[in-house]
Amino acid sequence: MTEPQRVEPHSVLIVGGGWAGLAAAVKLTKKGHAVTLLESARQPGGRARRVAFANYTVDNGQHLLIGAYHSILELLDDIGMDVQQSLLRQPLHLTMHSLHGEALRLKTPPLPAPLHLLFALLGARGLRLADRFAALHFGTALYRGKLFPATDISLAELLQQQRQTDRLIQAFWQPLCLAIMNTPIQEASATIFIQVLSDAFLKQRRDADLLFPHHDLGALFPEPAMQYIEQQGGHVHLGMRVSTLSIENGEIRGVHIDNTFVPAQQLLLATSVRATLALIQEQKALAPLHAKLAQFHFQPVTTIYLQYPPEVHLTQPMQGLIDGCAQWIFDRRHCGQPGMISVVISARGPHMDEPKDHLGKRVAAELARLFPHWPAARAQFVIREKRATFSSSVNINRLRPENRTSVKGLWLAGDYTNNGYPATLEGAVRSGVQCAALIDDETR
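The rules behind the values
Residues numbered from 1 in each chain as written. Predicted model: local features only at pLDDT ≥ 70, side-chain atom pairs only at ≥ 80, totals over all residues. Heavy atoms only, no water. Helix = DSSP H or I, 4+ residues; strand = E, 2+ residues; numbered from the N terminus. Rg over C-alpha atoms; globule rule 2.2 N^0.38 Å. Buried < 20%, exposed > 50% of the residue type's maximum accessible area, 1.4 Å probe, protein only. Contact = heavy atoms within 4.5 Å. Lys, Arg positive; Asp, Glu negative; His and termini not counted. Charge placed at Lys NZ, Arg CZ, Asp CG, Glu CD. Expected span 1.5 Å × (residues − 1). Pairing = 2+ DSSP bridges. Axes fitted to C-alpha atoms, helices over the stretch in contact; angles between N-to-C directions. Phe/Tyr/Trp six-rings, centres within 6.5 Å; stacked < 30°, edge-to-face > 60°. Lys NZ or Arg CZ within 6 Å of the ring centre and 35° of its normal. Core = buried A, V, L, I, M, F, W, Y, C linked by side-chain atoms within 4.5 Å.

## Comments concerning the overall build of the protein
Thought 1: Along its length, the protein carries 14 helices and 20 strands.
Thought 2: For 444 residues, the compact-globule estimate of 2.2 N^0.38 gives 22 Å, and the C-alpha radius of gyration of the protein, at 22 Å, lies within 12% of that figure.
Thought 3: Relative to its 444 residues, the protein shows a buried fraction of 58%.
Thought 4: Partitioning the contacts of the protein with sequence separation of at least 6, the portion at a separation of at least 24 is 69%.
Thought 5: The distance from the centre of the 43 positive side-chain charges to the centre of the 38 negative ones in the protein is 4 Å.

## A short note on the environment of Ala41
Thought 1: Secondary-structure assignment places Ala41 in the loop between strand E2 (35–39) and strand E3 (50–53).
Thought 2: Separated by 305 residues in the primary sequence, Ala41 and Ser346 have C-alpha atoms spaced 25 Å apart.
Thought 3: Apart from the residues lying within four places of it in its own chain, the contact partners of Ala41 are Leu238 and Gly239.

## Considering helix H1 (residues 19–30)
Thought 1: In this model H1 runs 16 Å from its N-terminal to its C-terminal C-alpha over twelve residues, within 8% of the 16 Å that 1.5 Å per residue would give.
Thought 2: The buried count for H1 comes to eleven of twelve residues, which makes it a mostly enclosed element.
Thought 3: Here H1 has its buried residues at Trp19, Ala20, Gly21, Leu22, Ala23, Ala24, Ala25, Val26, Lys27, Leu28 and Thr29.
Thought 4: A positive backbone phi angle near 95° is found at Gly32, which sits one or two residues after H1.

## Brief notes about the sheet that holds strand E6 (residues 87–90)
Thought 1: Spatially, E5-E9-E6 is the arrangement adopted by the three strands of the open sheet, whose pairing is antiparallel. Across the chains shown, the open sheet's two edge strands, defined by having one partner strand only, are strand E5 (65–66) and E6.
Thought 2: Strand direction decides the pairing type here: E5 and strand E9 (residues 210–213), joined by two bridges, are antiparallel. Looking at the pairing, Ile66 lines up with Leu210 of E9.

## Some thoughts on the sheet that holds strand E12 (residues 251–257)
Thought 1: Reading across the sheet, the three strands line up as E11-E12-E13 and stay open at both edges, with antiparallel pairing between neighbours. Two strands lie at the open edges of the sheet, namely strand E11 (244–248) and strand E13 (260–263), each paired on one side alone. If you compare each strand with its neighbour and ignore which way they point, the axes differ by 30° on average.
Thought 2: Inspection of the sheet shows E11 paired to E12 by five bridges, in the antiparallel sense. For Leu245, the partnering residue across the bridge sits in E12 and is Val255.

## Details of the pairing of strand E17 (residues 328–331)
Thought 1: Burial along E17 is two-sided: the residues Trp328 and Phe330 and Ile329 and Asp331 are all buried.
Thought 2: Where strand E16 (residues 318–321) and E17 come together, three bridges link them in antiparallel fashion. From the neighbouring strand, Gly320 faces E17, where its bridge partner is Trp328.
Thought 3: Linking E16 to E17, which pair antiparallel, is a turn of six residues.
Thought 4: Note: E17 against strand E18 (residues 340–346), four bridges, orientation antiparallel. Looking at E18, one finds that Ile329 is bridged to Val343.

## A word on the packing of aromatic side chains
Thought 1: All told, the structure shown has twelve aromatic pairs when counted by the stated rule.
Thought 2: Taking the centre distance of 4.8 Å and the plane angle of 65° together, the rings of Phe172 and Trp173 count as edge-to-face. The burial state of Phe172 is the same as that of Trp173; both residues are buried.
Thought 3: An aromatic cluster is present here, built from Phe138, Phe172, Trp173 and Phe193 joined pairwise through their rings.
Thought 4: Taking the ring centre of Tyr421 as reference, the NZ or CZ of Arg430 above it sits at 4.0 Å.

## What to know about the nonpolar core
Thought 1: Ranked by size, the top nonpolar core spans 124 residues in total, and within it Ile14, Trp19, Trp173 and Phe193 carry the most contacts.
Thought 2: Ranked by the residues each element gives to this core, the list is headed by helix H7 (residues 166–181), at nine residues.
Thought 3: Each residue touching Trp19, except ones within four places of it in the same chain, is listed here: Gly45, Ala48, Ile72, Leu217, Leu220, Phe221, Pro222, Leu425, Ala428 and Val429.
Thought 4: By size, the runner-up hydrophobic cluster in this structure holds 21 residues, among which are Leu99, Ile304, Val363 and Phe371.

Listed below in C-alpha cells is the structure:
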C-alpha cells in the first residue's frame, strides 16, 4: 500500500486553489505567514481555468475584467505581473447587434466620471429621444445616490420605478445585468447591481474601461500566483482532496486527506458553496452556516468557441447581441488566437437542453446573419458550467456569510461570502484579500 503524501503543517492551511484561495495565499505569504494550499484538481484556478481546444488553450468560461476591479489589478501587481502587458485596456465601447432591428452603439467620451456615462447614454445610437431621457434620468439618480433601495428589490422593479423604456431595458440594462450578475433582471438584486454600477461609473473614468487578458486565465493569475506563493516559502499541493474537517471544543484542529491528518490552527476554506456544504454538513457547530448555504441557487454559463480562418475578426474585442441565443461575442485575437471567436450565453434558458453540437451550429448561424462575409467556422467547442455562479437574487446578501465563522480558527473565502459583489472574479479576489487581512490581524 502506497504511503499517503505527507503535508507538513504550516501556520495557515488553505483548502481550495481558485481565485479566492490563491488571493488569500498571496497576501498571507507577502505578510510573512507560512502557508500551505491544498487543491483537489490537477491545476489551479477553480471555475476560471484553462482548457484545451484544438491546438489552443482557452478558458472554461469567457471572462471580462473592468477597470473597477482594483483588487485583481493590485493582486497582479503583487505577484509581479506587468498589468499593461498582460491586459488590453480599452474605454467602454459597446455595439449591441440585433437580428431583427436596429443596433445600439454606445461609446464613453474622454470626460471625467460620471459625465462620461451621461454623455455616452445621451449620444448612443439606436435610441429614441424618450430612451435617451430615460437613460439620463437613471444616470442622474445613480450619481446622486438615490438608486439604492431601502429594502432589496429586483432590478426589473427598480427599472420600472425609474421609468426606463422597453427599448432601453432590452438593449442595454438586461444584457448588462446578465454580464455583471449572470442572473435575469426579474430575479437580480438591485442592491448588488447598483453597487457594481457605482464602482464602475462614479469614481474614475478608467474604472469603466474593459480589460481583455492577453493570455488564457490560467496564465494570467492562477499559475503565476502559485509560483509566487512557492517562491515566498509557501507550498501548493495539487490533486489533494480534503475529505473531512476536524473540530473539537469549538476550535479547528485540522483536516483529513484520506488516511492523512493535517493539523491546522488557522484553516481557510476557499471552496465552492457545494464543496463547503459537503465539508461542514456533519459539524453541529456549523449547522446555522450550513442552513444558510443550502438556500443558495445557481446559474449556468455556456461558452461556445468557434474557430474561423485567421482573417475573421470583430471591429471591437467584444460585441453583444440583443435578441438572439448568443449574448456576448468576443474576438480572441488579443490572446494570440486569430480567428477564434467565443460566444457567451448567461443564465438559465432553453439552450441548456440542446445538444452541444446543435447549439454550436445555431450560434454559428446567428453569427453568419450578423457577419455574412465570414466563411464557415472550421471547428466548434461548447463548454457548459451548470453551476458557474450563485444567483445574485433579491436578498441574497442576507444569506452570504462573513469570512469569520463560529469555529475558532476556521475562515471562509469565496465569491459567495459577504463582499458586496456578485459572483465575479473580483468578488472572489476581494473575499480572499479581506479574509487574509483578518487572519493576519488574528495571528499577530
